[in-house]
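# Summary of the model geometry
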Amino acid sequence: EAGVAQSPRYKIIEKRQSVAFWCNPISGHATLYWYQQILGQGPKLLIQFQNNGVVDDSQLPKDRFSAERLKGVDSTLKIQPAKLEDSAVYLCASRTGGSGQETQYFGPGTRLLVL
Amino acid sequence: SQQGEEDPQALSIQEGENATMNCSYKTSINNLQWYRQNSGRGLVHLILIRSNEREKHSGRLRVTLDTSKKSSSLLITASRAADTASYFCATRSAGDTGRRALTFGSGTRLQVQP
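Residues numbered from 1 in each chain as written. Chains lettered and ligands numbered in written order. Predicted model: local features only at pLDDT ≥ 70, side-chain atom pairs only at ≥ 80, totals over all residues. Heavy atoms only, no water.

## Brief notes about the interface of chain A and chain B
Applicable threshold: Throughout, a residue-residue contact means that at least one pair of heavy atoms, one from each residue, lies within 4.5 Å. By definition, the buried area sums, over both parts, the 1.4 Å-probe accessible area that each loses when the two are put together. Salt bridges are defined as contacts in which a side-chain nitrogen from Lys or Arg sits within 4 Å of a carboxyl oxygen from Asp or Glu. Whenever a nitrogen or oxygen atom comes within 3.5 Å of another N or O atom, the pair is scored as a polar contact, on the condition that within protein one atom can donate a hydrogen and the other can accept it, and that pairs from neighbouring residues in sequence are kept only if both atoms are in side chains.
Listed by partner, the interface residues are 26 residues for chain A and 24 residues for chain B. For the pairing of chain A and chain B, the buried interface totals around 1,700 Å² over both sides, and the portion due to carbon and sulfur atoms is 44%. Considering only the side of chain A, the residues that lose the most area to chain B are P43(A), E102(A) and F106(A), jointly responsible for 31% of the buried surface there. Counting across the chain A and chain B interface gives one salt bridge. Linking E102(A) and R92(B) is a salt bridge whose minimum nitrogen-to-oxygen distance equals 2.4 Å. Run the count over chain A and chain B and you get five residue pairs in polar contact (both at pLDDT 80 or more).

## With respect to the sheet that holds strand β8 (residues 75-79) of chain A
Residues and elements named next belong to chain A. The cut-off we apply is this: At least two bridges found by DSSP between two strands are what make those strands a pair. Think of it this way: any DSSP run of H or I at least four residues long counts as a helix, any run of E at least two long counts as a strand, and we number them from the N terminus. Note on method: axes are straight lines fitted to C-alpha atoms, helices fitted across the in-contact stretch only, with angles between N-to-C directions ranging 0 to 180 degrees.
Strand order in the open sheet made by the four strands is β1-β3-β8-β7, with antiparallel pairing throughout. Two strands close off the open sheet at either side, each with one partner strand: β1 (5-7) and β7 (65-68). Direction aside, the axes of adjacent strands within the sheet are offset by 15° on average. Looking at chain direction, β1 and strand β3 (residues 19-24) are connected through three bridges and run antiparallel. Residue pairing for β3: S7 is matched across the bridge by W22.

## Description of the confidence of the model for chain B
Put simply, the rule reads: Confidence of the predictor at the level of single residues is given by pLDDT, which spans 0 to 100.
The predicted model of chain B has a mean per-residue pLDDT of 92, with 96% of residues at 70 or higher. Ranking the elements of chain B by mean pLDDT puts strand β1 (residues 5-7) of chain B last with 85 and strand β7 (residues 61-66) of chain B first with 98.

Here's what the structure looks like:
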């Protein structure tokens, strides 16, 4: 089974520019998560989708971050405008969504550097 | 905010030795999971222990959970150079009835010297 795909793997931008990340979860996984992982820290949840609906976006900085999962499959995360403190790895994870299924499967992440 | 705090932050051992990592958390949990992250990669699920369990084994991994102390430990026996990675505990809150969201700790960086 193919894993979670993310692109690009690396991105360097200047502050105030915009950037978008793409995630393709494992086929059939209804639940999708975006995490931000700052160097030396654990992942922090930004947003959780169930199919194409938002379950939790309480930690998403909505003044600059947005995410969508229009058809309940692929998802994009956008930052506009970027700040220096947005430099981090952005991880996408998916889960089947079924009850009793707890394991999250992570993609390789997109490493963002904001200069 | 980070729910869990791992201890130690970094650990260096020789191949063949055992590695023990500890995790403390703040609120009541439904389950606790351990994930591994190799440098530049995503996280990989290792093992899950539910709040009503005290110990669980998987291969060379042994996890314990003490809900009264709000702590867990991960033991890797007979370590190998390939075990070099960061290890994170992640908790699902007891109040989370459907989201199954995880809160991750800050991680332990394990270096296994060949």
